[in-house]
Amino acid sequence: MQSNLESYSDDFGELDFILSLHRACDDYSLCENFVRGHRQLLAVNDVDLGPVDSSWFNSPDVYLLVVRRSGDTEILGGAKLVIYDGGNNLPLLKLLSDDYPELKTLIQEYGSRGLVEISGLWNSRSVAGLGLGSEQLIRTSIAICGLLDIQTVVTFCSPFVTRFAELYGFVPLAKFGDNGSIPFPDNRWMSTINILEDPHEMSKANAGEKDVILELRGVPDQTRVFHSRGKSITIKFELRL
């Protein structure tokens, strides 16, 4: 598979989207808007995750990637990156550790060397089909992990997202659930824990995807044109930490 990158520049003039990185504790209202957009999308699919957990809004260990149209403030999608703090701050631990206590031991082992969970990945139906969700947000999340002191990345996601995650070197953890499949948020969906053990080298990643990720790490603030499913979109990345 060839890279879907066409070209990149400091400035293409008129832009389609901006994909930017923010530390959660720096912008409380951004966290609220991120959660609101995510929940609205889940509600369309009749999914209710219960009360909002706002404990991470002030955390220095949480980063948000958010997608907006150029010139607009509405969040159209995003992902949450949670750096493991040695406790119970990872979303997947909060969701699964009671049913799978061995998961906490595994996370602690990896966490001693630096671990992050990519969670809360979503995109608005208004931009569905442009690759902004599963493709751009996973790709950009891994690029960010390479700029942090992180040695392991985990996700807990749907089969659709898992399929994209495998392009970037993630491997499903088959030891949990039914050969890796866990009913979440309910029995209509079977989600999977995936792990990436070398986010810096990405030895199992698709070669074209690896190239794009390394280029994003090298120049965190840049503008690119992508071909996605028969369409071209221009994205300005603002990823400098």
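The preceding data block contains the structure.
Our subject in this report is the structure included herewith. (Residues numbered from 1 in each chain as written. Predicted model: local features only at pLDDT ≥ 70, side-chain atom pairs only at ≥ 80, totals over all residues. Heavy atoms only, no water.)

1. Let's talk about the packing of helix H4 (residues 132-145) against helix H6 (residues 207-218)
Link 1 in the chain: Following both chains from N to C, one finds H4 and H6 inclined at 55°, their axes separated by 9 Å at the closest point. Compared by their axis directions, H4 and H6 come out oblique. The two elements H4 and H6 cross, and the hand of that crossing is right-handed. Across the interface between the two elements, Arg-139, Thr-140, Ile-142 and Ala-143 of H4 pack against Glu-209, Val-212, Ile-213, Leu-216 and Arg-217 of H6.
Link 2 in the chain: Of the residues belonging to the contact of H4 with H6, the class tally is 5 nonpolar, 1 polar and 3 charged. (Axes fitted to C-alpha atoms, helices over the stretch in contact; angles between N-to-C directions. Helix = DSSP H or I, 4+ residues; strand = E, 2+ residues; numbered from the N terminus. Parallel < 35°, antiparallel > 145°, perpendicular 65-115°, else oblique. Left-handed = near helix turned anticlockwise from the far one by under 90°. Contact = heavy atoms within 4.5 Å. Nonpolar A, V, L, I, M, F, W, Y, C, P; charged D, E, K, R; others polar.)

2. Some points on H6
Link 1 in the chain: The terminal C-alpha atoms of H6, which comprises 12 residues, lie 17 Å apart, in line with the 16 Å expected from a rise of 1.5 Å per residue.
Link 2 in the chain: Within H6, burial applies to Gly-208, Glu-209, Val-212, Ile-213, Leu-216 and Arg-217. (Expected span 1.5 Å × (residues − 1). Buried < 20%, exposed > 50% of the residue type's maximum accessible area, 1.4 Å probe, protein only.)

3. Considerations on helix H1 (residues 28-44)
Link 1 in the chain: Here H1 contains 17 residues, and its C-alpha end-to-end distance of 25 Å stays within 8% of the 24 Å for a straight helix at 1.5 Å per residue.
Link 2 in the chain: Packed against the buried residues of H1 are strand E2 (17-23), strand E3 (62-69), strand E4 (77-83) and strand E5 (115-123).
Link 3 in the chain: Following H1 by one or two positions, Asp-46 has its phi on the positive side, about 60°.

4. Focus on the packing of aromatic side chains
The relative placement of two aromatic rings is captured by the distance of their centres and the angle of their planes.
Link 1 in the chain: Within the structure shown, the criterion is met by 7 aromatic pairs.
Link 2 in the chain: Pairing Tyr-28 with Phe-57 gives two aromatic rings, centres 5.1 Å apart and planes at 75°, and the pair type is edge-to-face. In this pair, Tyr-28 sits in helix H1 while Phe-57 sits in the loop between H1 and E3, placing the two residues 29 residues apart along the sequence.
Link 3 in the chain: Aromatic pair Phe-34 and Trp-122: ring centres 6.1 Å apart, planes at 75°, arrangement edge-to-face. Of this pair, Phe-34 sits in helix H1 while Trp-122 sits in strand E5; the two residues are 88 residues apart in sequence, bridging distant segments of the chain.
Link 4 in the chain: Residue classification places Phe-34 among the buried residues on the basis of a relative accessible area of 2%.
Link 5 in the chain: Look at Trp-122 and you get buried, because its relative accessible area is 3%. (Phe/Tyr/Trp six-rings, centres within 6.5 Å; stacked < 30°, edge-to-face > 60°.)

5. Concerning the nonpolar core
Across soluble globular proteins, nonpolar side chains have a tendency to be buried as a group.
Link 1 in the chain: Within the largest apolar cluster, 41 residues are counted, with the highest numbers of intra-cluster contacts made by Phe-17 and Phe-170.
Link 2 in the chain: If you tally residues by element for this core, the top one is H4, at 7 residues.
Link 3 in the chain: Residues in contact with Phe-17, not counting those within four places in the same chain, are Val-67, Arg-68, Arg-69, Ser-70, Leu-76, Val-127, Leu-130, Leu-132, Ile-233, Thr-234, Ile-235 and Lys-236.
Link 4 in the chain: In terms of nonpolar packing, the next biggest core, distinct from the first, is built from 32 residues, Tyr-100, Val-154, Ile-182 and Ile-195 among them. (Core = buried A, V, L, I, M, F, W, Y, C linked by side-chain atoms within 4.5 Å.)

6. A word on unusual backbone geometry
Link 1 in the chain: Positive phi outside glycine occurs at Asp-46, with the angle close to 60°.
Link 2 in the chain: Tracing the backbone through its elements, the reader meets Asp-46 in the loop between H1 and E3.
Link 3 in the chain: In this model, Met-202 sits at a positive phi of 50°, which is unusual for a non-glycine residue.
Link 4 in the chain: Tracing the backbone shows Met-202 in the loop between strand E9 (190-196) and H6.
Link 5 in the chain: The exposure class assigned to Met-202 is buried, which follows from its relative accessible area of 1%.

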